[in-house]
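What follows is each chain in one-letter form.
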Amino acid sequence: MFDIKWIRENPEDFDRGMARRGLEPQSAALIALDAQRRDLQTKAQEIQSERNRLSKEIGAAKSRGEDAADIMDAVSKTKAEEADAEKAAAAATDELNTVLSGLPNLPADDVPDGPDETANVEIRTWGDKPKLDFTPKEHFDIGEALGLMDFERAAKMSGARFVLLSGALARMERALANFMLDLHINEHGLTEINPPALVNDSALYGTGQLPKFGEDLFQTSDVRRAIAHARDTIEQLKLKSPENYLEADYDVLFNQYVEQDLNKSRLWMIPTAEVPLTNMVAGEILDTESLPRRVTAMTWCFRSEAGAAGKDTRGMIRQHQFTKVEMVTVCTPETSNDELERMTNCAEEVLKRLGLAYRTVVLSTGDMGFGAQKTYDIEVWLPGQDQYREISSCSNCGDFQARRMKARYRDRGEKGGQFVHTLNGSGLAVGRTMVAILEYYQQADGSVVVPEALRPYMGGLEVIAANGG
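Model, not experiment: these values are computed from the prediction.

Caption draft 1: Quick look at the pattern of salt bridges. Enumeration according to the criterion identifies 20 salt bridges in this entry. Between Arg 266 and Asp 201 there is a salt bridge, and its shortest N-O distance comes to 2.6 Å. With Arg 266 in the loop between helix H11 (250-265) and strand S7 (267-269) and Asp 201 in helix H8 (residues 201-207), this residue pair connects regions lying 65 residues apart in the sequence. For Glu 379, the salt bridge is made with Arg 359, and the minimal N-O distance between the two is 2.6 Å. Residue Glu 379 is found in strand S12 (residues 374-382), and its partner Arg 359 is found in strand S11 (residues 358-362); the two are separated by 20 residues along the sequence. Here the residues in one salt-bridge network are Arg 8, Asp 34, Arg 37 and Arg 38, joined through shared partners.

Caption draft 2: Main features of the side chain of Thr 375. Note that Thr 375 resides in strand S12. A distance of 2.7 Å separates the side chain of Thr 375 from the side chain of Ser 395, its partner in a polar contact. Ignoring sequence-local partners within four residues, the contact set of Thr 375 consists of Val 361, Val 362, Leu 363, Met 368, Ser 393, Cys 394 and Ser 395.

Caption draft 3: Layout of helix H15 (residues 430-440). H15 sits mainly inside the fold: eleven of its eleven residues count as buried. Turning to H15, its buried residues number three or more, namely Val 430, Gly 431, Arg 432, Thr 433, Met 434, Val 435, Ala 436, Ile 437, Leu 438, Glu 439 and Tyr 440.

Caption draft 4: Structural context of the pairing of S11. Within S11, four of the five residues are buried, which leaves the element mostly enclosed by the surrounding structure. Across five bridges, strand S1 (residues 121-126) lies against S11 in antiparallel orientation. If you follow Trp 126 over to S11, its bridge partner there is Tyr 358. Pairing geometry for S11 and S12, over five bridges, is antiparallel. Within S12, the residue paired with Thr 360 across the bridge is Ile 378.

Cut-offs applied
Per chain, the residues get numbers from 1 upward, laid out in the order the sequence is written. Reporting in this predicted model follows two pLDDT cut-offs: at least 70 for local features of residues, and 80 or more for side-chain atom pairs to be given and counted; totals over whole chains, interfaces and linings ignore these cut-offs and use all residues. Note that water and hydrogens are dropped before the side-chain values are worked out from all heavy atoms of the structure. The working definition used for a salt bridge is a side-chain nitrogen of Lys or Arg within 4 Å of a carboxyl oxygen of Asp or Glu. Going along the chain from the N terminus, every DSSP run of H or I of four or more residues is numbered as a helix, and every run of E of two or more is numbered as a strand. Two N or O atoms count as a polar contact when they lie within 3.5 Å, although within protein this holds only if one can serve as hydrogen donor and the other as acceptor, and sequence-adjacent residues are included solely when both atoms are side-chain atoms. Any pair of residues with heavy atoms lying within 4.5 Å of one another is described as a contacting pair. Accessibility here uses a 1.4 Å probe with only protein chains present; expressed as a share of the type maximum, an area under 20% marks a residue as buried, one over 50% as exposed, and anything in between as partly exposed. Strand pairing is defined by DSSP finding a minimum of two bridges between the two strands.

As structure tokens, then:
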């Protein structure tokens, strides 16, 4: 979300940033909408001032014993005019906010320009790729051969892009999450949170998933409650106004009431813990002394993968439901760049402890997420796929989310406040980390060596073998 005042004062800078995102100039249309909005607001204020003046004349006329009927008629007229002007101003404000909320964040100056991932820039690598004396398998072949990864049974009950893990692999997912949390809490100083997995429209708007990316989300609604409420409402209408009830189309009314209730009661399944963790500060004014706030959570995440048709259809890389350990930081603008480096290092440390080779890249303007100002992707090496694959994204969103959430900070005693900066990053995606371990530590006989750092969380298990989980 953007400050329209800043856009008015810096139209060229704004359009330059949009151009780096591959978008046409936006400032002229936005400034015109803003001018219309402000004109309507001014008109409403002028009408109100005129009504106040006329109201005083009514009192003065009555005190003089004069007839004030004409003045009272004029006051009534101004009331209707003011209501119309306020309604038009509100509509113009909504239109401006709708356009603004659909525009992506401006990229930081040091983000590389480019149309897509081909313009991403590698900034460092760590670890050695394993040298295997056999043809490496992909994780799904390994897991299925172990008898511990079942996509077919999962599909019977839930459809495609789900998996059923059992035995040592089920334990490994739990172990990985605990290992990551312990590292982030005990060594990196993050505070663990157990947030809701269902959130409302406002929370998703605050972090930028709504209104633009609703198709990527799963939503829930209390259908039975909505139907019952619609029936009750129609029965009340029938009792209170039989004539209107007879003239109404029952089916149309019923559907309208059901839809209204569903919209009010719906909740969304979180696509990432970034949503509830960041919204912890929504609508608040924080003391500067309380910043930075660094939190972490392990949650299930749910994504429809609407734009992923044909991509990663086999295996655990792209699932509708997956486990992820998320990190979120809320800080002052002066420290957010340093916090991005810190967060990225926290995520990288997980891979170092597990002995997994990776590289870190800075995303180009064409590959960066909607709300990000700058993003580092950490890509782990997968021998079975013979390529690096993303396992974490760490992003500085600047004040983009804070403006949508109205999250501020201020020194004690200070009035007003400034918008905080928010950051988020995977620390890590648990399922993808398991994928990397299976492919990286696979043996010629089909078994998998458990990384040393993970063994205390696996009851000392050193090797996962067929029928041994």
